[in-house]
Amino acid sequence: MRRKIIAANWKMNMTNDEAEGFLETFLLEVGDEKRVDVVLVPSFTTLAKVSEKLSSVQNVKLGAQNMHWEKPGAFTGEISAEMLRELFVRYVVLGHSERRALFGETDAIVNKKTKAALAATMTPIVCIGETLAERDAGQVETVLETQLRGSLADLTPAQIEDLVLAYEPVWAIGTGRTATPQQAQEAHAFIRKTLAAISDDAIAGKVRIQYGGSVKPANTADLMSQPDIDGALVGGASLEPRGFAEIIQATCGTLG
Ligand code: 13P
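Residues numbered from 1 in each chain as written. Predicted model: local features only at pLDDT ≥ 70, side-chain atom pairs only at ≥ 80, totals over all residues. Heavy atoms only, no water.

1. Structural notes on the environment of Gly129
- With respect to the helices and strands, Gly129 occurs in the loop between β5 (123–128) and α6 (132–136).
- The exposure class assigned to Gly129 is buried, which follows from its relative accessible area of 8%.
- Between the alpha carbons of Gly129 and Met14 there is a distance of 26 Å; along the sequence they are 115 residues apart. (Helix = DSSP H or I, 4+ residues; strand = E, 2+ residues; numbered from the N terminus. Buried < 20%, exposed > 50% of the residue type's maximum accessible area, 1.4 Å probe, protein only.)

Structure (structure tokens):
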């Protein structure tokens, strides 16, 4: 049984004051819910504040939105794994479609970052997903397989077991146009089948695959009830503390 994982990707939003306000409400709402893993992924400038606020909280973990693969050195503007570990960051989102489309991240870059995160004992959340043009051209499986094989190249089965994947169809991100539960399930099942080909059935059965793209409280239960959907990576709806807590509660409601 895979434990569901719900993460809030705040993207380039929230000042420290706003993050503090979010936490005040959110931590009350989420209480000591432990049936799913909960991760907050704030911006770099709010990581320290959120880390401090979560230091006495057991059931909410911290993630970062990106990191560089190199050890500390002359890489102006970049953030190392060591810097994130110092702030008790446990997860790192890698290869988000916004980074791929707007900042030139390739599968090869995502691969380097994934290896560096694993070496630093952080859990990578590796994002993959097709554009609308690719879906319309019938290329969903080709795109997902290429991204998966490229991003996870040369990882050992044990390393693959340690990561989380996020299927985020680009056309569903920030558009209000969610993939139907069936579309998402189909893609997740294909991703798991590809993982089995890269590693083996047992490992593929253990890897958690999140869905991301216009997840909100109202569509959470239907998505999270799908057999191969193991959580959500939430953008816009994660900026609202009550709404994000509702997504967590709706997910818990799908558990047996
Ligand atoms: P939205 O939930 O705003 O569609 O964003 C999804 C996403 O990109 C999460 O990483």
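We are not done yet, so read on.
2. Description of the nonpolar core
- Grouped together as the largest cluster of nonpolar side chains are 67 residues, with contacts concentrated most on Phe26, Leu40 and Phe244.
- Residue contributions to this core peak at six residues, all from helix α9 (residues 181–198).
- Ignoring anything within four residues of it in the chain, the contact list for Leu40 reads Ala8, Phe22, Leu23, Phe26, Val50, Leu54, Val60, Lys61, Leu62, Gly63 and Phe244.
- Of all hydrophobic cores here, the second largest spans eleven residues; its members include Val39, Val93, Val164 and Ala166. (Core = buried A, V, L, I, M, F, W, Y, C linked by side-chain atoms within 4.5 Å. Contact = heavy atoms within 4.5 Å.)

3. Focus: the site of the ligand
- Around the ligand sit Asn9, Lys11, His96, Glu168, Ala172, Ile173, Gly174, Gly213, Ser214, Leu233, Gly235 and Gly236, and that is every residue in its neighbourhood.
- In this structure, an oxygen atom belonging to the ligand sits 3.0 Å away from a side-chain N or O atom of Asn9.
- Take Gly235: an N or O atom from its main chain is 2.9 Å from an oxygen atom of the ligand.
- For the ligand, whose free accessible area comes to 310 Å², the fraction covered by protein is 95%.
- When grouped by side-chain class, the residues that make up the shell around the ligand number three nonpolar, seven polar and two charged. (Near = heavy atom within 4 Å. Polar contact = N/O pair within 3.5 Å; in protein donor to acceptor, adjacent residues only side chain to side chain. Areas by Shrake-Rupley, 256 points an atom, 1.4 Å probe, with all protein chains shown as cover. Nonpolar A, V, L, I, M, F, W, Y, C, P; charged D, E, K, R; others polar.)

4. Things to note about the side chain of Ser199
- Assignment of secondary structure puts Ser199 in the loop between α9 and α10 (201–206).
- Ignoring anything within four residues of it in the chain, the contact list for Ser199 reads Pro157, Ile160 and Ala204.

5. A closer look at helix α11 (residues 217–224)
- Looking at α11, one finds that the buried residues are Asn219, Thr220, Leu223 and Met224. In an axial view of α11, the angular spread of the buried residues amounts to 125 degrees, which keeps them on one side of the axis. (Arc of directions from axis to C-beta.)

6. Structural notes on the pairing of strand β2 (residues 37–41)
- Most of β2 sits inside the fold, with five of its five residues counted as buried.
- In β2, alternate side chains face the same way, and those of Asp37, Val39 and Val41 on one face and Val38 and Leu40 on the other are all buried.
- In this structure, strand β1 (residues 5–9) lies alongside β2, joined through five bridges in parallel fashion. Its bridge partner lying in β2, Asn9 is registered against Val41.
- Handedness of the β1-helix α1 (residues 16–30)-β2 crossover: right-handed.
- As paired strands, β2 and strand β3 (residues 60–64) are joined by three bridges and run parallel to one another. When the bridges of β3 are listed, Val38 appears paired with Val60. (Pairing = 2+ DSSP bridges. Right-handed = clockwise from strand over helix to strand, strands pointing away.)

7. Focus: the packing of aromatic side chains
- All chains considered together, the criterion is met by four aromatic pairs.
- Arranged with centres 6.4 Å apart and planes meeting at 55 degrees, the rings of Tyr167 and Tyr211 form a pair that is tilted. On the criterion of sequence distance, the pair formed by Tyr167 in strand β6 (residues 164–167) and Tyr211 in strand β7 (residues 208–212) is long-range, its members being 44 residues apart.
- The exposure class assigned to Tyr167 is buried, which follows from its relative accessible area of 0%.
- Residue classification places Tyr211 among the buried positions, given a relative accessible area of 0%.
- Ring-pair connections join several aromatic residues into one group, and the members of that group are Trp10, Phe22, Phe26 and Phe244. (Phe/Tyr/Trp six-rings, centres within 6.5 Å; stacked < 30°, edge-to-face > 60°.)

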